[in-house]
Amino acid sequence: MPDAQPAHKRILLKLSGEALMGDDAFGINRATIIRMVEEVAEVVNMGVEVAVVIGGGNIFRGVAGGSVGMDRATADYMGMLATVMNALALADAMNKQGLIARVMSAIAIEQVVEPYVRPKALQYLEEGKVVIFAAGTGNPFFTTDTAAALRGAEIGAELVLKATKVDGVYSADPKKDPSATRYTKITFDQAMSQNLGIMDATAFALCRDQKLPIKVFSIFKHGALKRVVMGEDEGTLVYA
(Lines give C-alpha, C1' and ligand atoms only; values in the text may rest on other atoms or scores of the structure.)
Protein backbone atom coordinates (compact mmCIF):
# COMPACT_ATOMS: atom_id res chain seq x y z
CA MET A 1 0.00 0.00 0.00
CA PRO A 2 1.52 3.39 -0.99
CA ASP A 3 2.13 6.01 1.66
CA ALA A 4 -0.85 8.29 2.29
CA GLN A 5 -0.51 11.71 0.72
CA PRO A 6 -0.92 14.96 2.69
CA ALA A 7 -4.39 16.49 2.49
CA HIS A 8 -2.87 19.98 2.16
CA LYS A 9 -0.10 21.13 -0.17
CA ARG A 10 0.54 24.64 1.21
CA ILE A 11 -0.16 25.82 4.75
CA LEU A 12 0.34 28.97 6.82
CA LEU A 13 1.32 28.21 10.41
CA LYS A 14 0.61 30.94 12.98
CA LEU A 15 2.79 30.62 16.07
CA SER A 16 2.43 32.92 19.05
CA GLY A 17 5.56 34.34 20.60
CA GLU A 18 4.39 32.85 23.90
CA ALA A 19 4.62 29.37 22.34
CA LEU A 20 8.39 29.79 22.17
CA MET A 21 8.72 30.46 25.91
CA GLY A 22 8.05 26.91 27.02
CA ASP A 23 7.76 27.14 30.80
CA ASP A 24 9.94 30.25 31.00
CA ALA A 25 8.54 33.64 32.02
CA PHE A 26 9.67 35.25 28.76
CA GLY A 27 12.27 34.86 26.03
CA ILE A 28 12.98 31.78 23.91
CA ASN A 29 13.23 28.30 25.38
CA ARG A 30 15.75 26.38 23.29
CA ALA A 31 14.26 22.92 23.88
CA THR A 32 10.78 24.19 22.98
CA ILE A 33 11.85 25.80 19.71
CA ILE A 34 13.82 22.66 18.69
CA ARG A 35 10.79 20.44 19.34
CA MET A 36 8.53 22.73 17.28
CA VAL A 37 11.02 22.75 14.42
CA GLU A 38 11.11 18.92 14.45
CA GLU A 39 7.32 18.92 13.99
CA VAL A 40 7.60 21.37 11.08
CA ALA A 41 10.47 19.39 9.50
CA GLU A 42 8.32 16.26 9.52
CA VAL A 43 5.66 17.85 7.29
CA VAL A 44 8.16 19.71 5.07
CA ASN A 45 9.87 16.39 4.37
CA MET A 46 6.49 15.03 3.24
CA GLY A 47 6.45 17.71 0.50
CA VAL A 48 4.16 20.20 2.22
CA GLU A 49 4.96 23.88 1.57
CA VAL A 50 5.09 25.72 4.91
CA ALA A 51 4.98 29.43 5.67
CA VAL A 52 5.08 30.73 9.23
CA VAL A 53 3.88 33.92 10.90
CA ILE A 54 5.38 34.41 14.34
CA GLY A 55 4.22 36.67 17.18
CA GLY A 56 6.40 38.64 19.59
CA GLY A 57 4.69 38.34 22.97
CA ASN A 58 7.48 36.35 24.58
CA ILE A 59 9.98 39.19 24.06
CA PHE A 60 7.58 42.11 24.30
CA ARG A 61 6.25 40.75 27.59
CA GLY A 62 9.68 41.44 29.09
CA VAL A 63 9.37 45.16 28.29
CA ALA A 64 5.57 45.48 28.49
CA GLY A 65 5.73 47.22 31.86
CA GLY A 66 7.77 50.02 30.30
CA SER A 67 5.25 50.40 27.49
CA VAL A 68 2.44 51.47 29.85
CA GLY A 69 1.35 54.95 28.80
CA MET A 70 3.38 54.68 25.60
CA ASP A 71 1.95 55.75 22.26
CA ARG A 72 0.13 52.71 20.83
CA ALA A 73 1.84 52.90 17.44
CA THR A 74 5.28 53.02 19.10
CA ALA A 75 4.45 50.01 21.26
CA ASP A 76 3.20 48.13 18.18
CA TYR A 77 6.45 48.84 16.31
CA MET A 78 8.37 47.47 19.29
CA GLY A 79 6.22 44.33 19.09
CA MET A 80 6.98 44.00 15.37
CA LEU A 81 10.71 44.15 16.05
CA ALA A 82 10.25 41.41 18.65
CA THR A 83 8.75 39.18 15.95
CA VAL A 84 11.87 39.72 13.82
CA MET A 85 14.02 38.44 16.70
CA ASN A 86 11.78 35.37 17.04
CA ALA A 87 11.85 34.77 13.29
CA LEU A 88 15.66 34.81 13.27
CA ALA A 89 15.78 32.32 16.14
CA LEU A 90 13.24 30.08 14.41
CA ALA A 91 15.09 30.20 11.08
CA ASP A 92 18.38 29.38 12.80
CA ALA A 93 16.83 26.35 14.51
CA MET A 94 15.29 25.23 11.19
CA ASN A 95 18.58 25.54 9.32
CA LYS A 96 20.31 23.46 12.00
CA GLN A 97 17.56 20.84 11.54
CA GLY A 98 18.41 20.56 7.84
CA LEU A 99 15.60 22.76 6.54
CA ILE A 100 16.20 25.87 4.45
CA ALA A 101 14.40 28.82 6.04
CA ARG A 102 14.01 32.35 4.74
CA VAL A 103 12.88 35.29 6.90
CA MET A 104 10.94 38.04 5.14
CA SER A 105 10.11 41.20 7.07
CA ALA A 106 7.23 43.61 6.48
CA ILE A 107 9.54 46.34 7.84
CA ALA A 108 12.74 47.02 5.90
CA ILE A 109 15.80 45.90 7.91
CA GLU A 110 17.78 44.70 4.93
CA GLN A 111 21.09 44.21 6.79
CA VAL A 112 19.33 41.59 8.92
CA VAL A 113 16.49 40.03 6.89
CA GLU A 114 15.12 40.44 3.40
CA PRO A 115 11.97 42.48 2.77
CA TYR A 116 8.66 40.76 2.12
CA VAL A 117 8.13 40.46 -1.64
CA ARG A 118 5.22 38.23 -2.60
CA PRO A 119 6.62 36.67 -5.82
CA LYS A 120 9.87 35.88 -4.00
CA ALA A 121 7.95 34.25 -1.13
CA LEU A 122 6.01 32.10 -3.60
CA GLN A 123 9.25 31.10 -5.32
CA TYR A 124 10.82 30.05 -2.01
CA LEU A 125 7.76 27.94 -1.12
CA GLU A 126 7.82 26.21 -4.51
CA GLU A 127 11.51 25.44 -3.92
CA GLY A 128 10.66 23.68 -0.67
CA LYS A 129 12.01 26.40 1.61
CA VAL A 130 10.18 27.43 4.79
CA VAL A 131 9.23 31.11 4.65
CA ILE A 132 8.95 32.94 7.98
CA PHE A 133 7.02 36.21 7.79
CA ALA A 134 8.23 38.70 10.40
CA ALA A 135 7.11 42.17 11.57
CA GLY A 136 3.39 41.43 11.28
CA THR A 137 1.69 43.42 8.53
CA GLY A 138 4.24 46.23 8.91
CA ASN A 139 1.49 48.48 10.28
CA PRO A 140 0.56 49.39 13.85
CA PHE A 141 -2.93 48.54 15.17
CA PHE A 142 -2.91 45.14 13.44
CA THR A 143 -2.11 41.88 15.21
CA THR A 144 0.02 38.99 14.01
CA ASP A 145 -3.26 37.04 13.68
CA THR A 146 -4.23 39.54 10.99
CA ALA A 147 -0.77 39.14 9.42
CA ALA A 148 -1.36 35.37 9.31
CA ALA A 149 -4.72 35.80 7.57
CA LEU A 150 -3.28 38.36 5.15
CA ARG A 151 -0.17 36.37 4.22
CA GLY A 152 -2.18 33.14 4.06
CA ALA A 153 -4.50 34.73 1.51
CA GLU A 154 -1.61 36.28 -0.44
CA ILE A 155 0.34 33.06 -0.86
CA GLY A 156 -2.73 30.97 -1.66
CA ALA A 157 -2.47 28.79 1.45
CA GLU A 158 -5.11 26.08 1.67
CA LEU A 159 -5.30 26.34 5.44
CA VAL A 160 -4.28 28.72 8.24
CA LEU A 161 -3.10 26.73 11.25
CA LYS A 162 -3.56 28.56 14.53
CA ALA A 163 -1.23 26.88 17.01
CA THR A 164 -2.41 27.24 20.61
CA LYS A 165 -1.99 25.65 24.01
CA VAL A 166 -5.32 23.80 23.74
CA ASP A 167 -6.10 21.07 21.22
CA GLY A 168 -9.01 22.80 19.51
CA VAL A 169 -12.06 24.97 20.09
CA TYR A 170 -14.31 23.90 22.96
CA SER A 171 -17.92 24.65 23.83
CA ALA A 172 -16.60 26.14 27.11
CA ASP A 173 -13.28 26.54 28.89
CA PRO A 174 -12.16 22.91 29.42
CA LYS A 175 -10.15 23.93 32.49
CA LYS A 176 -13.23 25.36 34.19
CA ASP A 177 -15.94 23.11 32.76
CA PRO A 178 -15.17 19.36 32.67
CA SER A 179 -18.23 18.76 30.46
CA ALA A 180 -16.85 21.05 27.70
CA THR A 181 -16.62 19.29 24.35
CA ARG A 182 -14.24 19.89 21.46
CA TYR A 183 -15.76 20.92 18.16
CA THR A 184 -14.44 18.84 15.26
CA LYS A 185 -15.59 21.57 12.89
CA ILE A 186 -17.54 24.79 13.15
CA THR A 187 -18.53 27.48 10.64
CA PHE A 188 -17.25 31.04 10.79
CA ASP A 189 -20.79 32.28 11.48
CA GLN A 190 -21.29 29.81 14.33
CA ALA A 191 -17.96 30.79 15.88
CA MET A 192 -18.88 34.47 15.65
CA SER A 193 -22.37 34.01 17.08
CA GLN A 194 -20.91 32.08 20.03
CA ASN A 195 -18.17 34.70 20.46
CA LEU A 196 -15.50 32.01 20.66
CA GLY A 197 -12.63 34.45 20.11
CA ILE A 198 -10.57 32.18 17.86
CA MET A 199 -8.70 35.07 16.24
CA ASP A 200 -9.13 38.82 16.46
CA ALA A 201 -12.08 40.22 14.50
CA THR A 202 -10.04 41.63 11.59
CA ALA A 203 -8.17 38.36 10.99
CA PHE A 204 -11.33 36.31 11.35
CA ALA A 205 -13.29 38.50 8.91
CA LEU A 206 -10.46 38.32 6.35
CA CYS A 207 -10.36 34.51 6.51
CA ARG A 208 -14.14 34.31 6.22
CA ASP A 209 -14.26 36.71 3.24
CA GLN A 210 -11.49 34.79 1.44
CA LYS A 211 -13.04 31.41 2.36
CA LEU A 212 -9.70 30.51 3.93
CA PRO A 213 -10.30 27.79 6.54
CA ILE A 214 -8.63 27.96 9.95
CA LYS A 215 -7.50 24.91 11.92
CA VAL A 216 -7.02 25.42 15.65
CA PHE A 217 -4.75 22.82 17.23
CA SER A 218 -2.14 22.35 19.95
CA ILE A 219 1.48 22.76 18.90
CA PHE A 220 2.46 21.14 22.20
CA LYS A 221 0.82 17.83 21.28
CA HIS A 222 3.38 15.52 19.68
CA GLY A 223 2.57 14.70 16.04
CA ALA A 224 -0.45 17.02 15.93
CA LEU A 225 0.87 19.11 13.03
CA LYS A 226 1.41 16.01 10.91
CA ARG A 227 -2.09 14.72 11.73
CA VAL A 228 -3.61 18.08 10.71
CA VAL A 229 -1.70 18.06 7.40
CA MET A 230 -2.81 14.48 6.74
CA GLY A 231 -6.44 15.52 7.22
CA GLU A 232 -6.97 13.47 10.38
CA ASP A 233 -9.31 14.39 13.25
CA GLU A 234 -7.04 16.79 15.11
CA GLY A 235 -8.05 20.16 16.49
CA THR A 236 -11.01 22.16 15.20
CA LEU A 237 -11.67 23.24 11.61
CA VAL A 238 -13.35 26.64 11.13
CA TYR A 239 -14.79 26.89 7.63
CA ALA A 240 -17.07 29.05 5.48
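Above this note sits the structure.
In this report, the structure presented in the accompanying data block is examined.

Calculation notes
- Residues numbered from 1 in each chain as written.
- Predicted model: local features only at pLDDT ≥ 70, side-chain atom pairs only at ≥ 80, totals over all residues.
- Heavy atoms only, no water.
- Salt bridge = Lys/Arg side-chain N within 4 Å of Asp/Glu carboxyl O.
- Helix = DSSP H or I, 4+ residues; strand = E, 2+ residues; numbered from the N terminus.
- Buried < 20%, exposed > 50% of the residue type's maximum accessible area, 1.4 Å probe, protein only.
- Axes fitted to C-alpha atoms, helices over the stretch in contact; angles between N-to-C directions.
- Parallel < 35°, antiparallel > 145°, perpendicular 65-115°, else oblique.
- Left-handed = near helix turned anticlockwise from the far one by under 90°.
- Contact = heavy atoms within 4.5 Å.
- Nonpolar A, V, L, I, M, F, W, Y, C, P; charged D, E, K, R; others polar.
- Arc of directions from axis to C-beta.

## Let's talk about the pattern of salt bridges
Should their charged atoms come close, side chains of opposite charge can pair. Scanning the entire structure with this criterion turns up 15 salt bridges. Where Asp 145 meets Lys 14, a salt bridge forms, and the shortest distance between an N and an O atom there is 3.4 Å. Pair noted here: Asp 145 is in helix H5 (residues 144–154) and Lys 14 is in strand E1 (residues 10–15), with a separation of 131 residues, a long-range link. Taken as a pair, Asp 145 and Lys 14 share a single burial class, namely buried. We note a salt bridge from Asp 189 to Arg 208, for which the minimum N-O separation is 3.1 Å. With Asp 189 in helix H6 (residues 188–193) and Arg 208 in helix H7 (residues 201–209), this residue pair connects regions lying 19 residues apart in the sequence. Given the relative accessible area of 29%, Arg 208 is considered partly exposed. Within the structure, one salt-bridge network assembled from shared partners comprises Asp 167, Lys 221, Arg 227 and Glu 234.

## Quick word on the packing of helix H1 (residues 30–44) against helix H3 (residues 72–96)
At a minimum axis distance of 9 Å, the contact between H1 and H3 shows a crossing angle of 60°. Relative to H3, the element H1 lies oblique. For the pair H1 and H3, the crossing hand works out as right-handed. Residue-level inspection shows Arg 30, Ile 33, Val 37 and Val 40 of H1 in contact with H3, the latter providing Ala 89, Leu 90, Asp 92, Ala 93, Met 94 and Lys 96. Looking at the contact of H1 with H3, its residues break down into seven nonpolar, no polar and three charged.

## Describing helix H4 (residues 118–126)
Listed in full, the buried residues belonging to H4 are Ala 121, Leu 122, Tyr 124 and Leu 125. Looking straight down H4, one finds that the buried residues subtend no more than 160° of arc, so they occupy a single side. Opposite the buried face of H4, at more than 90 degrees from it, the exposed residues are Pro 119 and Glu 126. Just downstream of H4, Gly 128 is the residue with a positive phi angle, here 85°.

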